[in-house]
Amino acid sequence: QSFTFQCKCGAIQANLRGPPVRNVNCHCHSCVAAAKFIESKPKFCGSSMFDAGGVAYADFRWPNIQFLSPQILSNESRDKIGFVKVGPNGNFARSYLLYKVRDHVGIFMEQKALLNRHAIFNKDGSRYQSSFPVCNIMLWYAFENNDPSPLKYVPEPRYNFVPFGMAISFIPLVLGFGKEMGIQQSALFPKDLSSVDEVTITWQ
């Protein structure tokens with residue numbers, strides 16, 4: 001299977017060799033607050049990341065991502081990509097486009113990319129739909145959740161936290177296996193986290 005990732009203005013396009021490792025809707029405060037921050041930006045008319053109240057990610061490893069516009073990785077493209085972190089001590093940033101229109105891109109890490117699932121398309125141009133159940137995770141930390149039970153409107157499968165099996169799969173990434181060396185030096189990563197946009201933590 002293969003898919004295409006494309007932002008609304010076309011500045012970032014990539015071929016994806018799929019399917020993704022997993023599809024999730026994350027309901028945690030951090031993901032939702034950052035997505036709302038981006039979508040409140042002037043000129044935002046991109047692909048909303050929200051799905052069932054959570055933020056829609058598709059998990060792809062770097063070997064399965066081939067950028068069709070490789071110049072977007074160069075330092076010359078840094079003025080086209082904005083970043084936002086959560087709180088002053090946020091240790092990574094979500095990315096969004098500044099070029100022509102505002103649009104979500106996703107979260108880039110050294111080992112993988114959590115891409116905006118709503119900006120992924122099939123080869124015939126139709127919007128990608130997951131062929132396997134999308135996991136709704138981190139409901140315990142949803143803004144609307146006033147009790148420890150999962151939100152009633154969120155479809156199954158749904159979890160208050162990250163499922164154990166999914167959490168286990170992150171261990172090799174935490175240990176540093178599978179890094180795509182050099183990608184963290186590209187325009188997809190902020191040079192200095194202290195200078196990126198910040199979402200204020202309001203849920204403590």
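Per-chain numbering applies: the sequence of each chain, read as written, is numbered from 1 onward. Reporting of local features is limited, given that this is a predicted model, to residues whose pLDDT is at least 70; pairs of side-chain atoms are given and counted only at 80 or more, and all residues count toward the totals for whole chains, interfaces and linings. By convention in this description, side-chain values take in all heavy atoms of the structure and omit both hydrogens and water.

S.K.: Can you walk me through the pattern of salt bridges in this structure?
M.R.: Where charged atoms from two side chains of opposite charge come close, those side chains can pair. Criterion for a salt bridge: a side-chain nitrogen of Lys or Arg within 4 Å of a carboxyl oxygen of Asp or Glu. The full count for this structure, using the stated rule, is 6 salt bridges. Through salt bridges with shared partners, a single network forms among R22, D59, R61 and K112.

S.K.: How should the packing of aromatic side chains be read in this particular structure?
M.R.: Note on aromatic pairs: the rings of Phe, Tyr and Trp (six-membered ring only in Trp) are paired at centre separations within 6.5 Å, and the planes decide the class, stacked below 30 degrees, edge-to-face beyond 60, tilted for the rest. The final tally for this structure, using the stated rule, is 6 aromatic pairs. Geometrically, the ring pair formed by W62 and F108 is stacked, given 5.7 Å between the ring centres and 20° between the ring planes. Here W62 is found in the loop between β5 (54–61) and β6 (65–67), whereas its partner F108 is found in strand β9 (residues 103–108), with 46 residues between them in sequence. Neither W62 nor F108 differs from the other in exposure class; each is buried. Secondary structure elements are defined from DSSP: runs of H or I of at least 4 residues count as helices, runs of E of at least 2 residues count as strands, and each element is numbered from the N terminus. Partly exposed residues are those whose accessible area sits between 20% and 50% of the maximum for their type, while under 20% is buried and over 50% is exposed, using a 1.4 Å probe and protein chains only.

S.K.: I would appreciate a short explanation of the pairing of strand β1 (residues 2–6) in the present structure.
M.R.: Sheet topology places β1 next to strand β2 (residues 13–17); 5 bridges connect them, and they run antiparallel. The partner of F5 across the bridge, within β2, is A14. Strand pairing is defined by DSSP finding a minimum of two bridges between the two strands. Turn length for the β1-β2 hairpin, with the two strands adjacent in sequence and antiparallel, is 6 residues, and the turn residue G10 shows positive phi of about 85°.

S.K.: For this particular structure, what's the right way to read the sheet that holds strand β11 (residues 120–121)?
M.R.: In sheet architecture, strand pairing relies on hydrogen bonds along the backbone and comes in two forms, parallel and antiparallel. Read from one edge to the other, the open sheet built from 4 strands follows the order β6-β2-β1-β11, with strand pairing classed as antiparallel. This sheet does not close on itself; its edge strands, each paired only once, are β6 and β11. As judged from the 2 bridges shared by β1 and β11, these two strands associate in the antiparallel manner. For T4, the partnering residue across the bridge sits in β11 and is F121.

It is worth stressing that arrangement in space is one thing and function is another; only the former is reported here.
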